[in-house]
Amino acid sequence: MSEKLHIEGREISIKSVKDDDFISLTDMVSGMEEGSKIIENWLRTRSTLSFLGAWEQTHNPNFNSLNFEGIMRYAGDMNFTMSVKKWVNKTEAKGIWAKAGRYGGTFAHRDIAFEFAMAISPMFKVLLIKEFQRLKSEEFQRQKLEWSTSRFLSKINYSLQTEAIETRLIPKLKGKEKSLAYATEADLINLALFGQTAKQWRIENPDIKGNIRDYASITQLIILSNLETHNSYLIMAGASKEARFARLCEIAESQLEIFSRDKRLNDDKKFLE
């Protein structure tokens, strides 16, 4: 995700790295007199380094605590200086980083960015948190809508598969086989995409309401819809269950790989209707 926060006339960039949001400290001080000095002065204080160290020890298993202790022995001295590059090189920190170039600058994890905002002003910190929460709320609602739309499409496409089952399979079945036909075909899709049947999922998740498809990701729901369409065509063509399952597995694997490279689906999250 690459988003923008708008606070007091400043446009502040956010970059998502895996599941974490990093906010541009450079943008936060943009337009301020000696803005870069604010970052430098904030970084050299003992209280700041104590906070950064605590954050890294909590979130970063590779943090070099020994070098951190060495830094803290001199923090606060008149001649003590610290830069982002030096901090990262010495401690292998992950919570703050600097990058040169047109789209570079100093970025910090949202927790650290909120802490830095106090170096600007208490009001700026309040506005930053409020704007960030607004942005994440909008993002949540947008993704929830996308999930609901994909779930709806998968349910609509299920009717294609149902029609194919009623036309081609049901007439050939007798007794209990008829009542099992729909569930069996649904689980054929589940096995191809999720690697387990609906019953297996319920056994593994006894305390969770709903079914396996209710907890599918947007990417999985898109593929699920595609698989149902393919399966209906294969049923109408008279393909055996074994042949259909093999083909559905191939399609699921191929589409999962393709969609994994689509940046629009990189923030794919799971939601309930």
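Residues numbered from 1 in each chain as written. Predicted model: local features only at pLDDT ≥ 70, side-chain atom pairs only at ≥ 80, totals over all residues. Heavy atoms only, no water.

**Comments concerning the packing of aromatic side chains**
So, point 1. Within this structure, the stated rule accounts for 8 aromatic pairs.
So, point 2. Their ring planes at 45° and their centres at 6.0 Å tell us that F63 and W87 sit as a pair that is tilted. With F63 in the loop between α3 (46-59) and α4 (65-74) and W87 in helix α5 (residues 84-91), this residue pair connects regions lying 24 residues apart in the sequence.
So, point 3. On the basis of relative accessibility, which here comes to 8%, the residue F63 falls in the buried class.
So, point 4. The class of W87 is buried, set by a relative accessible area of 0%.
So, point 5. Each member of the aromatic cluster is reached from another via a ring pair, and the members are F22, W97 and F107. (Phe/Tyr/Trp six-rings, centres within 6.5 Å; stacked < 30°, edge-to-face > 60°. Helix = DSSP H or I, 4+ residues; strand = E, 2+ residues; numbered from the N terminus. Buried < 20%, exposed > 50% of the residue type's maximum accessible area, 1.4 Å probe, protein only.)

**Looking at the packing of α3 against helix α6 (residues 110-120)**
So, point 1. Here α3 crosses α6 at 170°, and the two axes come no closer than 11 Å. Taken together, α3 and α6 sit at an angle that is classed as roughly antiparallel. As α3 runs across α6, the sense of the crossing is right-handed. Residues F51, L52, W55 and H59 of α3 touch α6, and the partners they reach there are D111, I112 and E115.
So, point 2. Among the residues forming the contact of α3 with α6, the class breakdown is 4 nonpolar, 1 polar and 2 charged. (Axes fitted to C-alpha atoms, helices over the stretch in contact; angles between N-to-C directions. Parallel < 35°, antiparallel > 145°, perpendicular 65-115°, else oblique. Left-handed = near helix turned anticlockwise from the far one by under 90°. Contact = heavy atoms within 4.5 Å. Nonpolar A, V, L, I, M, F, W, Y, C, P; charged D, E, K, R; others polar.)

**Considerations on the nonpolar core**
So, point 1. The biggest cluster of nonpolar side chains holds 37 residues, and the ones touching the most others in it are I23, L25, M28, L49, W87 and F116.
So, point 2. Examining the composition of this core, we find that 6 residues originate from one element, α6, more than from any other.
So, point 3. Contacts of W87, omitting those with residues within four sequence positions, involve L49, L52, G53, E56, F63, F68, I71, M82, E92, A93 and I96.
So, point 4. In terms of nonpolar packing, the next biggest core, distinct from the first, is built from 16 residues, A192, F194, L224 and F259 among them. (Core = buried A, V, L, I, M, F, W, Y, C linked by side-chain atoms within 4.5 Å.)

**Remarks on the pattern of salt bridges**
So, point 1. One pass over the full model with this rule turns up 5 salt bridges.
So, point 2. One salt bridge in this structure joins D21 and R110, with 4.0 Å as the shortest N-O distance. In this pair, D21 sits in strand β3 (residues 20-24) while R110 sits in helix α6, placing the two residues 89 residues apart along the sequence.
So, point 3. For R110, a relative accessible area of 25% translates into the label partly exposed.
So, point 4. Linking R247 and E250 is a salt bridge whose minimum nitrogen-to-oxygen distance equals 3.2 Å. One end of the pair, R247, and the other, E250, are both in helix α11 (residues 241-260), 3 residues apart, so they sit about a helical turn from each other.
So, point 5. Take E250: its relative accessible area is 47%, and that puts it in the partly exposed class. (Salt bridge = Lys/Arg side-chain N within 4 Å of Asp/Glu carboxyl O.)

Taken by themselves, the reported measurements are silent on function.
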